[in-house]
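# Examining the three-dimensional arrangement
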Amino acid sequence: MLGSAGAVDTRDVSTKRKTRQRSTVSKDLMPFAIPAVGGYLVALAPVGPSGNPTWMAVGALLLVLSGASAVLLVRERLPRPLYLVPPLAYIGVVAAVRAAVAGSNPAYAALFILPLVWLALHGTRTQLGFGLVVAAGALMLSGPLQPEGWIEGAVPTMVVAPIVGFTVHRLVVKIRRQAGMIEDLAQRDTLTGAVTKRAWAELFDREIVRAERYGELLTVALIDVDRLEAFNKEYGPRAGDSLLSDSVASWQRALRAGDVLGRIEGDTFGIVLPSCGKEDARTVVQRLRTATAELQTCSIGVAEWRHGETLDHVMFRVRSALRSAKEDGGDRVVIANINLDILDELDEDLLSEPTLLEQEAAEALRTISSEVVGDEAELEDEAEPETEDNAVEAEDEDEAVEDLAVVTPLTAEDLDDGAEPEEASELRRLLRDLSSAR
């Protein structure tokens, strides 16, 4: 059940990403595609002198190269230096068209501004300057050198293009900087500086998709400051806020690069630990436990993501681990394992037949436990004669073990001490299957 759910979520995220990519490509390229293609087609119109076929063919090839490289760059988010390719290719298109018509139409010179605007939007200031130099060279070499040609086409273009390009670039840089500040403020908790609950959940979801795709480890932890309410009553709310902000600062220093700390609610914080198993996570969160400010203690629950789990599934397990740490007195780390006692706490909407599953699990555990006790009883029979009192005691022991198997929350690790290797292996398989069915 968990595996299929995880696969569906991965496909949904992949589909949404592709849809956003197509939308981004359309919005970024459409304003350039229409005038770029239109400017080339005007040279083919049967008005004015016909263009040289060789130069028009060169222009067509460069137009295809410019469009294909632009689509690839925007869709795949390739390195920034490659953003020079589409504008330089289109500068070649304009130069080829001007050479084909011998520069007879000064309007073609204005098309040089189009690739420069592209560089102003997507490139760096250095790339924009390089593009201006290349455009000026192409403008001089592709058109006539007569004074009237310069006055009608080249001079206005060479004066206007740098002004337009650098003005647009300056505005773009300013807008990006402001947008980054706004986004950072929206994703950061104002008190502690940790990311917000929504941003943390989105980051966690992306890490699940990445771990699902590449088969990497992923662990999540929840950390909760112990007895914060009592601390606030004794020292005041401001002291409590200072405790949280100082603790988060200490936790951030104790985390690895790439770990994400977010404020989930109140004094509960979530930590995403990419490429990290539960044992390595134990080492990381132990540092956090000792780094809590004001000599306060904290409780931490840890759960390792399992292949096919969704965010809701793994969050249920880590919350159970955190609750166990709090109920045991706090100031401790609890790692979530496959445990039958959490079956009673699962939401009924997540289970198709909870009663039947619990009965099957209890019956299987009673059967295996009875076989183990039966084997031990046979060994005792060889050591001493069977009496009526011994038989009664053996029957009481069987009932006690059956009750223990039903009531006590058992894990695969706990059962290793009371069963032979084959029985322990069977119990582990049973618990894994039962957890997967959940």
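Attention here is on the structure that accompanies the text. (Residues numbered from 1 in each chain as written. Predicted model: local features only at pLDDT ≥ 70, side-chain atom pairs only at ≥ 80, totals over all residues. Heavy atoms only, no water.)

## Quick notes on the pattern of salt bridges
Evaluation of the coordinates by the stated rule reveals 13 salt bridges. Arg210 is the partner of Glu216 in a salt bridge, and the nearest nitrogen-oxygen pair spans 2.4 Å. Its relative accessible area of 28% is what places Glu216 among the partly exposed residues. Among the ionic pairs, Arg282 bridges to Glu279, the shortest N-O distance being 3.5 Å. In this pair, Arg282 and Glu279 are both assigned in helix α10 (residues 278-290), three residues apart and thus about one turn of the helix distant. For Arg282, a relative accessible area of 33% corresponds to the partly exposed category. Within the structure, one salt-bridge network assembled from shared partners comprises Glu207, Arg210 and Glu216. (Salt bridge = Lys/Arg side-chain N within 4 Å of Asp/Glu carboxyl O. Buried < 20%, exposed > 50% of the residue type's maximum accessible area, 1.4 Å probe, protein only. Helix = DSSP H or I, 4+ residues; strand = E, 2+ residues; numbered from the N terminus.)

## Details of unusual backbone geometry
Within the chain, Ser275 stands out as a residue other than glycine whose phi angle is a positive 50°. Along the polypeptide, Ser275 turns up in the loop between β3 (268-274) and α10. Of note, the phi angle at Asp331 is positive, near 55°, even though the residue is not glycine.

## Let's talk about the nonpolar core
With 35 residues, the main nonpolar core has Tyr40, Tyr90, Val93, Val97, Tyr108, Phe112 and Trp118 as its most contacted residues. Breaking this core down by element, the ones donating at least two residues are α1 (2-42), α2 (53-76), α3 (85-100), α4 (113-122) and α5 (125-142). Broken down by element, this core gets its largest block of residues, seven residues, from α3. Those residues in contact with Val97 that lie beyond four places of it in its chain are Tyr40, Ala43 and Tyr108. Counting residues in hydrophobic clusters, the runner-up holds 27 residues, among them Phe269, Ile271, Ile300 and Ile335. (Core = buried A, V, L, I, M, F, W, Y, C linked by side-chain atoms within 4.5 Å. Contact = heavy atoms within 4.5 Å.)

## Details of the pairing of strand β1 (residues 218-225)
The buried fraction of β1 amounts to eight of the eight residues, a majority that puts the element mostly inside the structure. Residues Leu218, Val220, Leu222 and Asp224 point to one face of β1 and Thr219, Ala221, Ile223 and Val225 to the other, with burial holding for every one of them. Across seven bridges, β1 lies against β3 in antiparallel orientation. Following the sheet pairing, Leu222 is matched in β3 by Gly270. Pairing of β1 with strand β4 (residues 298-304), which is carried by seven bridges, proceeds in the antiparallel orientation. Within β4, the position partnered with Asp224 by the bridge is Ser299. (Pairing = 2+ DSSP bridges.)

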